[in-house]
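Observations on the model geometry
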Amino acid sequence: MRRPHIRGLAVAVAVATAATGLAGTAFAGPSTSTAKPRAATAASVADAARTAAFAHAGATGVAPGDELQAQDVMIDPEGGRHVRFVRSHRGMPVLGGDLVVHLTERLAYAGVTRAADHTVAPEAPHARLTARQAEERAAAVAKGEAGTAELVIDARRGACALAYQVRVSDSATAEAGGSRTVVVDALTGKVRSNTPDSDEFLSPELVDTLRERGETLDPATGTAPQTSALAATASGTGNSLFAGKVPLTTTKTGSRSYLLKDPSRWGTETRDAKGQELENFARGKKFTSTTDKWGNGTVSNRASAAVDAQYGITKTLDFYKKTFGRKGIADNSKGARAMVHFGNKVGNAFWAPACGCMLYGDGDGDFIKKPLVVLDVTGHELTHGVVDATARLEPTRVDADGNQYGEPGSLNESLADIFGANVEFSANNPKNPPNYLLGEKLGLDQKFLRRLDRPSLDKLEGAIDYWSPAAHDAEVHAGSGVSSHAYYLLAEGSGRKKIGSVTYDSPTFDGLPVKGIGRAKATAIYYRALTRYMVSTTDFHDARVATLKAAKDLYGAGSTEYKAVDRSWAAVNVTPANTPAARH
């Protein structure tokens, strides 16, 4: 899961395409102005939003002693402006204090989306524990080496308390090591949260379930194709494990030397972790070639897994750029990175925020037979990076085994599945045909890991089709079915149909039909909702509101698309009538 700390942030302008632009919002009543629109720059929009946040403190919850740091500035072609802020209070980072301030084209206040709906000032302003005591407590709980404790305010889950945040490295509780972030109450010493910093594709609970069933993950790979004549340019060819023979843009470093690094995609590169648990990309071994031919399509060649990783990452970057104009995972014109052959017998794949990398193990040799470098796994995990750079959706709790629970975490997993499936559609690789299934190439007995049309067909994780109060504390992969199902219904509609080679049959909670609006429009709405209207605490009912506002911005309040969004959420039992009174 994403580390819940506040990073050093730079203001960036994200100019969306017309398909994802936003005209405005109205979480609170917009003010009016007759001033002429002025040229929008990142600095002027951020300053206007910050001023508006304090001027409308009753709506935004901003109070004296608060400081707002702009994480992202979004300027829509049709006029709306949106600034995502992280907050500090009297110099201390506020966990769960994030908010998005919405402005009109004239930079007038138009509304707010906020994570904490309560004051962020703790009742007790002074710590009883020392930083050293907090570090010792965190190290004992996470079973690793504690870094320096930082005083923070924990405003998550409806509470507000002075706390210490400690990063603990080399955690023995993680399957492949890695780090955890522990938050310790500064008054009582109670552990308020203990969260893994990386997002693992396979949850501990799923791994245990598969082992109990005696199942293994053994994705089918193709045979090694014959290589052609020596390449003369930096347009190389990769022989992958799962995607067949694929083109790769590489870097020519000499007359007969090439590097697996893509200069056309901001220097995106894959390296070899050499069987070590590296989270420092600079320590990875570069993949080089004298022929610009990479891999042989089997695990016997170390570059084969690198081909899948590099191909999957570049296809994910291409999807986000051509669909939304997003330049890189963090929308900062920086490439993505990957390390294959991570650790010794590691049966998982990770998005690691500390490294800014995808990390792929080779499998444990017993339960998981091959590296998890499948295309939709990469699209799923890199989408966690996109969420980390935008809404930072967090689980509400994590158990001692590392399993995560709660609706915001479920929504995070759902978005990763939704956009991971879209990466497949965008790539349209005949060796990996696109569909609404996740993990269909992993070799599972049920033929997929998760699916969007009828999530409950996933018996391994116990995914759910519809919302109920129990979803509030569902394991995140199980709970993800609610919003994944709503998305599928919005895109394709209910009932039985065949799309490509897969037959779908999507039911509804109330038995009433849903007519889809098409994948392109549904995806535009969900991306708009994520980047403009979701924050770290967004749950399913919040997500309904966010997608309705996104549909209104894109297509109008009376549009077919807006009505379809409303209907799709009702079809999974997310309605205004059953909105919980206290959700955070």
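Note that the coordinates shown come from a computational prediction; the quantities given were computed from them, not determined experimentally.

From N to C terminus, the chain includes 12 helices and 30 strands. Put simply, the chain has 584 residues, and 59% of those count as buried. Pairs at least 24 residues apart make up 66% of the contacts formed inside the chain by residues separated by at least 6 positions. Only carbon and sulfur atoms are counted for the fraction: they give 50% of the accessible area of the chain, which is about 21,500 Å².

What follows is about unusual backbone geometry. Despite not being glycine, Trp266 has its phi angle at roughly 60 degrees, a positive value. Among the structural elements, Trp266 can be located in the loop between β17 (261-262) and β18 (268-272). The class for Trp266 is partly exposed, based on a relative accessible area of 26%. Of note, the phi angle at Lys447 is positive, near 75 degrees, even though the residue is not glycine. Within the secondary structure, Lys447 sits in the loop between β27 (437-438) and β28 (450-451).

Moving on to the sheet that holds strand β20 (residues 288-289). In spatial order, the strands read β15-β16-β20; together these three strands make up an open sheet with antiparallel pairing. Each end of this open sheet is capped by a strand with a single partner; those strands are β15 (251-254) and β20.

According to the stated counting rule, one finds one disulfide in the structure shown. Here Cys355 is linked by a disulfide to Cys357, with a sulfur-sulfur distance of 1.9 Å. Note on the Cys355 and Cys357 pair: the S-S dihedral is about -60 degrees, so by sign convention the disulfide is left-handed. Taking relative accessible area as the criterion, Cys355 reaches 4% and is therefore assigned buried. Taking the relative accessible area as the measure of exposure, Cys357 reaches 0% and is therefore buried.

Attention now moves to the pairing of strand β24 (residues 357-360). With burial as the criterion, each face of β24 is covered, one bearing Cys357 and Leu359 and the other bearing Met358 and Tyr360. Where strand β22 (residues 337-340) lies against β24, three bridges are found, and the strand directions are parallel. Note that in β24 the partner of Ala338 across the bridge is Met358. With four bridges joining them, strand β23 (residues 349-352) and β24 adopt antiparallel strand pairing. In the strand pairing of β24, Phe350 is matched with Leu359. Here β23 folds back onto β24 in antiparallel fashion, the turn holding four residues, of which Gly356 has a positive phi close to 65 degrees.

In regions of low pLDDT, the predicted coordinates are not meant to be interpreted in detail. Averaged over the chain, the pLDDT score is 87; the fraction of residues at 70 or greater is 89%. When the criterion is pLDDT under 50, residues 1-38 qualifies, and its contacts beyond four places in sequence or with other chains add up to 136 contacts. Per-residue pLDDT stays below 50 along residues 223-233; that stretch engages in 22 contacts with residues further than four places along the chain or on separate chains.

This brings us to the packing of helix α6 (residues 375-389) against helix α7 (residues 407-427). Contact geometry for α6 and α7: axes closest at 7 Å, N-to-C directions at 130 degrees. When the axes of α6 and α7 are compared, the pair comes out oblique. The two elements α6 and α7 meet at a crossing, and its hand is right-handed. Residue-level contacts link Leu375, Asp376, Gly379, His380, Thr383, His384 and Val387 of α6 to Asn412, Glu413, Leu415, Ala416, Asp417, Phe419, Gly420, Val423, Glu424 and Ala427 of α7. Of the residues assigned to the contact of α6 with α7, the class counts are seven nonpolar, six polar and four charged.

Attention shifts here to a negative patch on the surface. Together, Glu205, Asp208, Glu212 and Asp401 make up a negatively charged patch on the protein surface. Here Asp401 is to be found in the loop between β25 (397-398) and β26 (404-405).

Moving on, we come to helix α12 (residues 560-570). For α12, the set of buried residues is Glu561, Ala564, Val565, Arg567, Ser568 and Trp569. Residues of α12 that are buried sit in contact with α9 (481-492), α10 (519-533) and α11 (540-555).

Counting across every chain of the model gives two cavities of 30 Å³ or more. Considering only enclosed or pocket space, the second largest cavity measures out at about 50 Å³ in volume. Considering the residues around the second largest cavity, the lining is formed by Asp417, Arg450, Arg451, Leu452, Pro455, Ala463, His477, Ser480, Gly481 and Ser484. Contributing elements (two or more residues each) for the lining of the second largest cavity: β28 and α9. Taken together, the residues that form the lining of the second largest cavity break down as three nonpolar, four polar and three charged.

The next point concerns the sheet that holds strand β13 (residues 235-239). Across the sheet, three strands lie side by side as β14-β13-β21; this open sheet has mixed pairing. A single partner strand is all that each edge strand has here, and the edge strands are β14 (245-249) and β21 (293-294). As paired strands, β13 and β14 are joined by five bridges and run antiparallel to one another. Residue pairing for β14: Ser235 is matched across the bridge by Thr249. Here helix α5 (residues 302-324) sits on the sheet in contact with β13, β14 and β21, set at roughly 70 degrees to β14.

Before going further, it helps to spend a moment on the nonpolar core. By size, the foremost hydrophobic cluster in this structure holds 98 residues, and its most contacted members are Tyr526 and Trp569. At 11 residues, α5 tops the list of elements feeding residues into this core. For Trp569, the residues in contact, after removing those within four places along its chain, are Val482, Ser483, Ala486, Tyr526, Phe540, Ala543, Arg544, Thr547 and Val574. Core analysis: the second largest hydrophobic core is formed by 19 residues, Ala49, Val62, Phe85 and Leu103 among them.

What counts as what
Residues numbered from 1 in each chain as written. Predicted model: local features only at pLDDT ≥ 70, side-chain atom pairs only at ≥ 80, totals over all residues. Heavy atoms only, no water. Helix = DSSP H or I, 4+ residues; strand = E, 2+ residues; numbered from the N terminus. Buried < 20%, exposed > 50% of the residue type's maximum accessible area, 1.4 Å probe, protein only. Contact = heavy atoms within 4.5 Å. Areas by Shrake-Rupley, 256 points an atom, 1.4 Å probe, with all protein chains shown as cover. Pairing = 2+ DSSP bridges. Disulfide = S-S within 2.5 Å. pLDDT = per-residue confidence, 0-100. Axes fitted to C-alpha atoms, helices over the stretch in contact; angles between N-to-C directions. Parallel < 35°, antiparallel > 145°, perpendicular 65-115°, else oblique. Left-handed = near helix turned anticlockwise from the far one by under 90°. Nonpolar A, V, L, I, M, F, W, Y, C, P; charged D, E, K, R; others polar. Patch = residues over 30% accessible without salt bridge, like charges linked within 9 Å, V, L, I, M, F, W, Y side chains within 5 Å. Salt bridge = Lys/Arg side-chain N within 4 Å of Asp/Glu carboxyl O. Lys, Arg positive; Asp, Glu negative; His and termini not counted. Charge placed at Lys NZ, Arg CZ, Asp CG, Glu CD. 1 Å grid on protein atoms, 1.4 Å probe; cavity = no way out; pocket = protein on both sides within 12 Å on 5 of 7 lines; lining within 4 Å. Points joined across faces, edges and corners; volume = space filled by probe spheres on them. Core = buried A, V, L, I, M, F, W, Y, C linked by side-chain atoms within 4.5 Å.

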